[in-house]
Amino acid sequence: MPTQVTVSAPVNIAVVKYWGKRDTSLLLPTNSSLSLTLSQDDLRSTTTVRIDALFNKDRLWLNGKEEDATANKRMVRVVQELRAVRKELQNKDSSLEALDEQKMHICSENNFPTAAGLASSASGFAALTFGIAHALGIADKISTADLSRLARQGSGSACRSLFGGFVAWNMGINPDGSDSVAEQVADEKHWPDMEALVLVASDARKDTPSTAGMQLTIETSDLLRERIANVVPQRMSDIKTAIVNKNYDAFAEHTMRDSNQFHAVCLDTFPPITYLNDVSRAVIHLVTAYNNLFTEKSDNAASSKKGYRAAYTFDAGPNAVLYVRREHVPEILAIVNATFPAPADADKQTYLGRAAQYVGQ
Ligand code: PMV
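Conventions and cut-offs
Residues numbered from 1 in each chain as written. Predicted model: local features only at pLDDT ≥ 70, side-chain atom pairs only at ≥ 80, totals over all residues. Helix = DSSP H or I, 4+ residues; strand = E, 2+ residues; numbered from the N terminus. Buried ≥ 20, exposed ≤ 12 C-beta atoms within 10 Å, placed from the backbone. Contact = placed C-beta atoms within 7 Å. Pairing = 2+ DSSP bridges. Axes fitted to C-alpha atoms, helices over the stretch in contact; angles between N-to-C directions. Parallel < 35°, antiparallel > 145°, perpendicular 65-115°, else oblique. Left-handed = near helix turned anticlockwise from the far one by under 90°. Nonpolar A, V, L, I, M, F, W, Y, C, P; charged D, E, K, R; others polar. Near = placed C-beta within 6 Å. Domains from an automatic or database assignment. pLDDT = per-residue confidence, 0-100. Core = buried A, V, L, I, M, F, W, Y, C linked by C-beta atoms within 7 Å.

Please clarify how the overall build of the protein should be interpreted in this entry.
If you tally the helices and strands in the protein, you get eight helices and 15 strands. By residue count, 45% of the 361 residues in the protein fall in the buried class. A fraction of 71% describes how many contacts in the protein between residues 6 or more apart in sequence connect residues 24 or more apart.

Written out as C-alpha coordinates, the structure is:
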(Lines give C-alpha, C1' and ligand atoms only; values in the text may rest on other atoms or scores of the structure.)
Protein backbone atom coordinates (compact mmCIF):
# COMPACT_ATOMS: atom_id res chain seq x y z
CA MET A 1 0.00 0.00 0.00
CA PRO A 2 1.42 3.43 -0.87
CA THR A 3 1.56 5.95 1.96
CA GLN A 4 1.13 9.65 1.50
CA VAL A 5 1.22 12.42 4.10
CA THR A 6 1.16 16.20 4.01
CA VAL A 7 2.59 18.21 6.89
CA SER A 8 3.59 21.79 7.43
CA ALA A 9 6.21 23.45 9.60
CA PRO A 10 6.64 27.06 10.64
CA VAL A 11 9.52 29.44 10.29
CA ASN A 12 11.60 30.41 13.31
CA ILE A 13 13.48 33.70 13.61
CA ALA A 14 16.48 33.78 15.91
CA VAL A 15 17.09 36.47 18.50
CA VAL A 16 20.51 34.99 19.31
CA LYS A 17 21.91 34.04 15.93
CA TYR A 18 23.65 30.86 14.88
CA TRP A 19 26.54 31.70 12.56
CA GLY A 20 29.44 29.29 12.17
CA LYS A 21 29.87 25.52 12.09
CA ARG A 22 32.48 23.60 14.06
CA ASP A 23 31.60 20.49 12.04
CA THR A 24 30.39 21.12 8.51
CA SER A 25 29.24 17.59 7.86
CA LEU A 26 27.19 17.05 11.04
CA LEU A 27 26.19 20.74 11.07
CA LEU A 28 27.40 21.39 14.59
CA PRO A 29 27.39 25.08 15.50
CA THR A 30 30.13 27.18 17.07
CA ASN A 31 27.61 28.83 19.37
CA SER A 32 24.21 28.18 20.90
CA SER A 33 21.24 30.13 19.54
CA LEU A 34 17.68 30.99 20.47
CA SER A 35 14.63 31.71 18.36
CA LEU A 36 10.88 32.23 18.36
CA THR A 37 8.79 29.93 16.23
CA LEU A 38 6.18 31.90 14.32
CA SER A 39 2.61 30.78 13.83
CA GLN A 40 2.00 28.31 11.01
CA ASP A 41 -0.95 30.41 9.92
CA ASP A 42 1.55 32.81 8.45
CA LEU A 43 4.94 31.71 7.12
CA ARG A 44 5.19 27.97 6.57
CA SER A 45 6.57 25.17 4.41
CA THR A 46 4.11 22.48 3.40
CA THR A 47 5.54 19.14 2.35
CA THR A 48 3.88 16.08 0.86
CA VAL A 49 5.73 12.78 0.96
CA ARG A 50 4.53 9.71 -0.92
CA ILE A 51 6.17 6.32 -0.61
CA ASP A 52 5.15 3.92 -3.32
CA ALA A 53 6.46 0.54 -4.50
CA LEU A 54 5.83 1.73 -8.07
CA PHE A 55 8.37 4.55 -7.84
CA ASN A 56 11.80 3.75 -9.26
CA LYS A 57 13.75 6.65 -7.73
CA ASP A 58 13.48 9.39 -5.14
CA ARG A 59 12.22 12.64 -6.66
CA LEU A 60 11.91 16.15 -5.30
CA TRP A 61 9.81 19.18 -6.28
CA LEU A 62 10.50 22.56 -4.64
CA ASN A 63 7.91 25.28 -5.14
CA GLY A 64 6.48 23.42 -8.12
CA LYS A 65 9.78 22.85 -9.92
CA GLU A 66 11.49 19.47 -10.05
CA GLU A 67 15.04 19.49 -8.65
CA ASP A 68 17.71 16.82 -8.87
CA ALA A 69 17.02 14.84 -5.68
CA THR A 70 20.55 13.47 -5.60
CA ALA A 71 22.17 16.90 -5.93
CA ASN A 72 20.79 18.14 -2.64
CA LYS A 73 23.30 16.39 -0.35
CA ARG A 74 21.69 17.64 2.86
CA MET A 75 18.34 16.27 1.84
CA VAL A 76 19.89 12.97 0.81
CA ARG A 77 21.47 12.74 4.23
CA VAL A 78 18.23 13.41 6.11
CA VAL A 79 16.39 10.83 3.98
CA GLN A 80 19.15 8.25 4.56
CA GLU A 81 19.19 8.84 8.30
CA LEU A 82 15.41 8.50 8.56
CA ARG A 83 15.47 5.30 6.51
CA ALA A 84 18.19 3.95 8.82
CA VAL A 85 16.09 4.77 11.89
CA ARG A 86 13.12 3.03 10.27
CA LYS A 87 15.23 -0.05 9.56
CA GLU A 88 16.45 -0.18 13.12
CA LEU A 89 12.88 0.06 14.45
CA GLN A 90 11.71 -2.52 11.92
CA ASN A 91 14.31 -4.97 13.19
CA LYS A 92 12.94 -4.59 16.71
CA ASP A 93 9.23 -4.48 15.87
CA SER A 94 7.92 -7.18 13.54
CA SER A 95 4.58 -5.37 13.08
CA LEU A 96 6.40 -2.74 10.98
CA GLU A 97 6.50 -3.86 7.34
CA ALA A 98 9.73 -3.33 5.40
CA LEU A 99 9.45 0.06 3.72
CA ASP A 100 13.05 1.14 3.64
CA GLU A 101 13.77 -0.01 0.09
CA GLN A 102 10.80 1.90 -1.34
CA LYS A 103 11.37 5.17 -3.13
CA MET A 104 9.71 8.45 -2.21
CA HIS A 105 8.43 11.51 -3.97
CA ILE A 106 8.70 14.73 -2.01
CA CYS A 107 6.94 17.93 -2.88
CA SER A 108 7.60 21.04 -0.79
CA GLU A 109 6.26 24.57 -1.03
CA ASN A 110 6.79 27.78 0.89
CA ASN A 111 4.04 30.36 1.14
CA PHE A 112 6.68 33.13 1.26
CA PRO A 113 9.87 34.09 -0.63
CA THR A 114 12.48 31.30 -0.58
CA ALA A 115 16.13 31.95 0.38
CA ALA A 116 15.50 35.63 1.00
CA GLY A 117 16.65 35.55 4.62
CA LEU A 118 13.25 34.51 5.95
CA ALA A 119 14.34 31.15 7.32
CA SER A 120 12.91 29.07 4.47
CA SER A 121 15.51 26.36 5.05
CA ALA A 122 14.43 26.05 8.70
CA SER A 123 10.76 25.48 7.95
CA GLY A 124 11.62 23.48 4.81
CA PHE A 125 13.85 20.93 6.52
CA ALA A 126 11.61 20.74 9.60
CA ALA A 127 8.65 19.87 7.35
CA LEU A 128 10.75 17.44 5.32
CA THR A 129 11.99 15.58 8.40
CA PHE A 130 8.57 15.47 10.02
CA GLY A 131 6.86 14.49 6.76
CA ILE A 132 9.25 11.63 5.98
CA ALA A 133 9.07 10.39 9.58
CA HIS A 134 5.27 10.27 9.23
CA ALA A 135 5.34 8.60 5.83
CA LEU A 136 7.73 5.98 7.21
CA GLY A 137 5.36 5.43 10.14
CA ILE A 138 7.95 6.33 12.77
CA ALA A 139 6.96 9.87 13.80
CA ASP A 140 5.30 8.63 16.99
CA LYS A 141 8.14 6.22 17.75
CA ILE A 142 10.93 8.78 18.04
CA SER A 143 11.16 11.81 20.29
CA THR A 144 10.88 15.40 19.08
CA ALA A 145 14.48 15.88 20.28
CA ASP A 146 15.58 13.07 17.93
CA LEU A 147 13.58 14.55 15.06
CA SER A 148 15.23 17.89 15.83
CA ARG A 149 18.67 16.24 15.68
CA LEU A 150 17.82 14.78 12.26
CA ALA A 151 16.43 18.07 10.94
CA ARG A 152 19.62 19.82 12.09
CA GLN A 153 21.56 17.81 9.53
CA GLY A 154 19.46 19.35 6.75
CA SER A 155 19.78 22.92 7.93
CA GLY A 156 21.08 23.89 11.36
CA SER A 157 18.26 26.28 12.20
CA ALA A 158 15.65 23.66 11.18
CA CYS A 159 16.19 21.88 14.50
CA ARG A 160 14.46 24.79 16.24
CA SER A 161 11.33 24.67 14.01
CA LEU A 162 10.28 21.30 15.46
CA PHE A 163 9.18 23.12 18.63
CA GLY A 164 6.77 25.99 19.15
CA GLY A 165 7.34 29.04 21.31
CA PHE A 166 10.82 30.08 22.47
CA VAL A 167 13.44 27.55 21.50
CA ALA A 168 17.12 27.23 22.36
CA TRP A 169 19.52 25.19 20.26
CA ASN A 170 22.28 24.14 22.63
CA MET A 171 25.52 23.84 20.71
CA GLY A 172 26.59 20.76 22.69
CA ILE A 173 30.12 19.51 23.13
CA ASN A 174 30.02 15.93 21.88
CA PRO A 175 31.90 15.38 18.60
CA ASP A 176 29.09 13.12 17.32
CA GLY A 177 26.50 15.88 17.78
CA SER A 178 24.33 13.78 20.08
CA ASP A 179 23.90 16.71 22.50
CA SER A 180 23.47 19.40 19.83
CA VAL A 181 19.68 19.60 19.94
CA ALA A 182 16.94 22.14 20.33
CA GLU A 183 14.78 22.42 23.43
CA GLN A 184 11.82 24.55 24.33
CA VAL A 185 12.56 27.40 26.76
CA ALA A 186 8.90 28.43 26.98
CA ASP A 187 5.91 27.26 25.00
CA GLU A 188 3.79 29.26 22.56
CA LYS A 189 1.29 30.26 25.26
CA HIS A 190 3.93 31.68 27.58
CA TRP A 191 4.05 35.25 26.22
CA PRO A 192 0.78 35.60 24.34
CA ASP A 193 1.05 39.30 23.55
CA MET A 194 4.43 38.90 21.80
CA GLU A 195 4.08 39.31 18.05
CA ALA A 196 6.42 39.27 15.11
CA LEU A 197 5.99 41.74 12.26
CA VAL A 198 7.76 40.59 9.13
CA LEU A 199 8.79 43.55 6.99
CA VAL A 200 9.70 42.33 3.55
CA ALA A 201 12.20 44.70 1.98
CA SER A 202 13.16 42.36 -0.83
CA ASP A 203 12.06 38.91 -1.92
CA ALA A 204 15.19 38.35 -4.04
CA ARG A 205 17.38 35.33 -3.26
CA LYS A 206 20.40 36.30 -1.16
CA ASP A 207 23.78 36.57 -2.89
CA THR A 208 25.71 34.64 -0.25
CA PRO A 209 24.01 31.45 0.95
CA SER A 210 24.37 30.95 4.70
CA THR A 211 26.61 27.87 4.39
CA ALA A 212 29.20 29.65 2.25
CA GLY A 213 28.93 32.81 4.34
CA MET A 214 29.46 31.00 7.65
CA GLN A 215 32.50 29.19 6.33
CA LEU A 216 34.12 32.40 5.16
CA THR A 217 33.36 34.06 8.49
CA ILE A 218 34.91 31.18 10.44
CA GLU A 219 38.04 31.42 8.32
CA THR A 220 38.48 35.19 8.42
CA SER A 221 36.65 36.98 11.25
CA ASP A 222 38.38 37.87 14.53
CA LEU A 223 35.14 39.34 15.81
CA LEU A 224 33.42 35.96 15.48
CA ARG A 225 35.91 34.46 17.95
CA GLU A 226 35.14 37.21 20.44
CA ARG A 227 31.41 36.68 19.93
CA ILE A 228 31.60 32.93 20.45
CA ALA A 229 33.84 33.08 23.52
CA ASN A 230 32.68 36.18 25.34
CA VAL A 231 29.26 37.30 24.16
CA VAL A 232 26.88 34.49 23.27
CA PRO A 233 27.16 32.34 26.44
CA GLN A 234 26.15 35.24 28.71
CA ARG A 235 23.53 36.47 26.24
CA MET A 236 21.89 33.04 26.04
CA SER A 237 21.57 32.99 29.79
CA ASP A 238 20.32 36.61 30.03
CA ILE A 239 17.76 36.31 27.25
CA LYS A 240 16.36 33.08 28.69
CA THR A 241 15.86 34.92 32.00
CA ALA A 242 14.21 37.81 30.13
CA ILE A 243 11.84 35.38 28.39
CA VAL A 244 10.95 33.48 31.56
CA ASN A 245 10.24 36.78 33.36
CA LYS A 246 8.57 38.34 30.29
CA ASN A 247 10.96 41.27 30.62
CA TYR A 248 10.41 42.97 27.25
CA ASP A 249 13.07 45.67 27.68
CA ALA A 250 15.82 43.13 28.35
CA PHE A 251 14.54 40.85 25.58
CA ALA A 252 14.43 43.74 23.09
CA GLU A 253 17.90 45.02 23.90
CA HIS A 254 19.53 41.60 23.57
CA THR A 255 17.64 40.94 20.34
CA MET A 256 18.81 44.16 18.68
CA ARG A 257 22.36 43.89 20.00
CA ASP A 258 22.63 40.33 18.74
CA SER A 259 21.35 41.20 15.29
CA ASN A 260 23.79 44.12 15.15
CA GLN A 261 26.68 41.89 16.18
CA PHE A 262 25.78 39.19 13.69
CA HIS A 263 25.85 41.74 10.86
CA ALA A 264 29.06 43.26 12.26
CA VAL A 265 30.60 39.78 12.10
CA CYS A 266 29.46 39.55 8.47
CA LEU A 267 31.19 42.84 7.77
CA ASP A 268 34.30 41.61 9.61
CA THR A 269 34.41 38.63 7.25
CA PHE A 270 36.92 39.06 4.45
CA PRO A 271 35.83 39.78 1.80
CA PRO A 272 32.88 41.26 3.69
CA ILE A 273 29.35 39.91 3.48
CA THR A 274 26.53 42.44 3.42
CA TYR A 275 23.00 41.21 3.93
CA LEU A 276 21.48 44.52 5.03
CA ASN A 277 20.50 47.10 2.43
CA ASP A 278 19.49 50.77 2.64
CA VAL A 279 15.92 49.83 3.53
CA SER A 280 17.17 47.59 6.36
CA ARG A 281 19.28 50.41 7.72
CA ALA A 282 16.33 52.79 7.46
CA VAL A 283 14.27 50.30 9.53
CA ILE A 284 17.01 50.23 12.19
CA HIS A 285 17.02 54.03 12.36
CA LEU A 286 13.24 54.18 12.45
CA VAL A 287 12.98 51.67 15.31
CA THR A 288 15.76 53.43 17.22
CA ALA A 289 14.07 56.83 16.85
CA TYR A 290 10.71 55.32 17.85
CA ASN A 291 12.18 53.63 20.93
CA ASN A 292 13.95 56.86 21.92
CA LEU A 293 10.56 58.51 22.32
CA PHE A 294 9.95 56.22 25.27
CA THR A 295 13.35 56.50 26.92
CA GLU A 296 13.39 58.66 30.01
CA LYS A 297 16.49 60.79 29.69
CA SER A 298 18.60 61.67 32.68
CA ASP A 299 21.87 63.60 33.05
CA ASN A 300 23.52 60.37 33.96
CA ALA A 301 23.37 58.16 30.83
CA ALA A 302 23.63 55.01 32.93
CA SER A 303 20.44 55.82 34.79
CA SER A 304 18.36 56.61 31.66
CA LYS A 305 15.32 54.37 31.74
CA LYS A 306 14.70 52.47 28.53
CA GLY A 307 11.18 51.82 27.42
CA TYR A 308 11.51 49.81 24.24
CA ARG A 309 8.48 49.43 22.00
CA ALA A 310 10.01 47.44 19.14
CA ALA A 311 13.00 45.16 18.64
CA TYR A 312 14.39 44.54 15.16
CA THR A 313 16.31 41.53 14.01
CA PHE A 314 17.68 40.58 10.57
CA ASP A 315 18.74 37.13 9.41
CA ALA A 316 20.93 36.53 6.37
CA GLY A 317 18.96 38.96 4.22
CA PRO A 318 17.60 42.51 4.21
CA ASN A 319 14.15 41.70 5.61
CA ALA A 320 13.36 42.83 9.14
CA VAL A 321 11.42 41.02 11.78
CA LEU A 322 10.15 43.23 14.58
CA TYR A 323 9.27 41.58 17.87
CA VAL A 324 6.67 43.81 19.48
CA ARG A 325 3.84 43.63 21.98
CA ARG A 326 0.35 43.31 20.56
CA GLU A 327 -0.96 46.58 22.01
CA HIS A 328 1.64 48.47 19.97
CA VAL A 329 1.09 46.69 16.64
CA PRO A 330 -1.41 49.17 15.10
CA GLU A 331 0.81 52.14 15.92
CA ILE A 332 3.99 50.46 14.67
CA LEU A 333 2.37 49.28 11.44
CA ALA A 334 0.98 52.78 10.86
CA ILE A 335 4.46 54.28 11.31
CA VAL A 336 6.10 51.65 9.09
CA ASN A 337 3.49 52.04 6.36
CA ALA A 338 3.74 55.83 6.46
CA THR A 339 7.54 55.67 6.22
CA PHE A 340 7.64 53.01 3.50
CA PRO A 341 4.50 53.41 1.39
CA ALA A 342 3.76 50.34 -0.70
CA PRO A 343 3.93 50.69 -4.48
CA ALA A 344 0.49 50.46 -6.05
CA ASP A 345 1.23 47.18 -7.81
CA ALA A 346 2.93 45.51 -4.83
CA ASP A 347 2.13 41.96 -3.99
CA LYS A 348 0.95 41.43 -0.40
CA GLN A 349 4.05 39.44 0.56
CA THR A 350 6.70 41.44 -1.19
CA TYR A 351 6.69 44.91 0.15
CA LEU A 352 7.65 46.32 3.43
CA GLY A 353 5.18 46.64 6.20
CA ARG A 354 2.07 44.65 5.41
CA ALA A 355 2.88 41.10 6.31
CA ALA A 356 2.06 40.99 10.00
CA GLN A 357 2.91 37.61 11.43
CA TYR A 358 2.22 36.42 14.90
CA VAL A 359 4.08 34.47 17.49
CA GLY A 360 2.05 32.78 20.15
CA GLN A 361 -0.47 31.11 17.86
O1 PMV B 1 20.28 27.13 9.19
P2 PMV B 1 20.91 28.01 8.17
O3 PMV B 1 22.10 27.39 7.55
O4 PMV B 1 19.93 28.53 7.17
O5 PMV B 1 21.51 29.32 8.92
C6 PMV B 1 20.69 30.23 9.62
C7 PMV B 1 21.46 31.42 9.99
C8 PMV B 1 20.65 32.58 10.53
O9 PMV B 1 19.33 32.55 10.07
C10 PMV B 1 21.30 33.88 10.06
C11 PMV B 1 20.66 32.63 12.06
C12 PMV B 1 19.78 31.66 12.78
O13 PMV B 1 20.14 31.32 13.92
O14 PMV B 1 18.72 31.28 12.27
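Please explain the sheet that holds strand S2 (residues 12–16) as it appears in this structure.
Note on sheets: strands pair through backbone hydrogen bonds, and any given pair is parallel or antiparallel. Spatially, S2-S5-S10-S11 is the arrangement adopted by the four strands of the open sheet, whose pairing is antiparallel. Because the sheet does not close on itself, it has two edges, and the strands there are S2 and strand S11 (182–186). Adjacent strand axes in the sheet meet at a mean angle of 35°, parallel and antiparallel pairs treated alike.

Quick question: what am I supposed to make of the packing of helix H1 (residues 73–92) against helix H2 (residues 120–135) here?
The angle between the axes and the distance between the axes are what describe a pair of packed helices. For the pair H1 and H2, the least separation of the axes is 10 Å and the interaxial angle reads 30°. With respect to H2, the element H1 is oriented roughly parallel. Between H1 and H2 the crossing geometry is right-handed. Contact residues: Met75, Val78, Val79 and Leu82 in H1; Phe125, Leu128, Thr129, Ile132 and Ala133 in H2. Taken together, the residues that form the contact of H1 with H2 break down as eight nonpolar, one polar and no charged.

Before we go on, may I ask you to explain the sheet that holds strand S7 (residues 59–62) in this structure?
Overall, mixed pairing links the five strands, which are arranged S1-S6-S9-S7-S8 in an open sheet. Because the sheet does not close on itself, it has two edges, and the strands there are strand S1 (3–10) and strand S8 (65–67). On average, adjacent strands in this sheet sit at an angle of 20° to one another, irrespective of strand direction. With respect to the sheet, H2 is in contact with S1, strand S6 (44–52) and strand S9 (103–110), its orientation differing from that of S1 by roughly 150°.

Looking at this model, I keep getting lost on the site of the ligand. Mind explaining?
What surrounds the ligand is a group of 15 residues, the closest being Ala14, Tyr18, Ser157, Ser210 and Asp315. Mapped onto the shell around the ligand, the elements with two or more residues apiece are H2 and helix H4 (210–220). Here the shell around the ligand is built from residues that sort into six nonpolar, seven polar and two charged. Counting residues domain by domain, the shell around the ligand receives three or more from each of domain 1 (3–186) and domain 2 (194–357).

Explanation requested: the domain arrangement of the protein in the structure shown.
One frequent convention defines the size of an interface as the accessible area lost when the parts assemble. Along its sequence, the protein is organised into domain 1 (3–186) and domain 2 (194–357). Between the C-alpha centres of domain 1 and domain 2 the distance comes to 26 Å. Listed per partner, the contact involves 28 residues of domain 1 and 35 residues of domain 2. Secondary-structure elements contributing two or more residues to the side of domain 1 that touches domain 2 are S2, strand S5 (33–37), strand S10 (166–169) and S11. Of the residues that constitute the side of domain 1 that touches domain 2, the class distribution is 19 nonpolar, six polar and three charged.

Quick question: what am I supposed to make of the confidence of the model for the protein here?
Across the protein, the average pLDDT comes to 89, with 90% of residues at or above 70. Below a pLDDT of 50 lies the segment residues 348–361, which in the model reaches 55 contacts outside its immediate sequence neighbourhood of four places, other chains included. The complex prediction reports pTM at 0.91, with the ipTM value standing at 0.99.

How should the nonpolar core be read in this particular structure?
If you look at soluble globular proteins, the nonpolar side chains tend to sit buried side by side. Leu34, Ala126, Leu199, Ala311, Tyr312 and Leu322 are the most contacted members of the largest nonpolar core, which totals 89 residues. For this core, the element with the most residues is H2, which contributes nine residues. Discounting residues that sit within four places of it in the chain, Leu322 has contacts with Leu197, Leu199, Val287, Ala310, Ala311, Tyr312 and Ile332.

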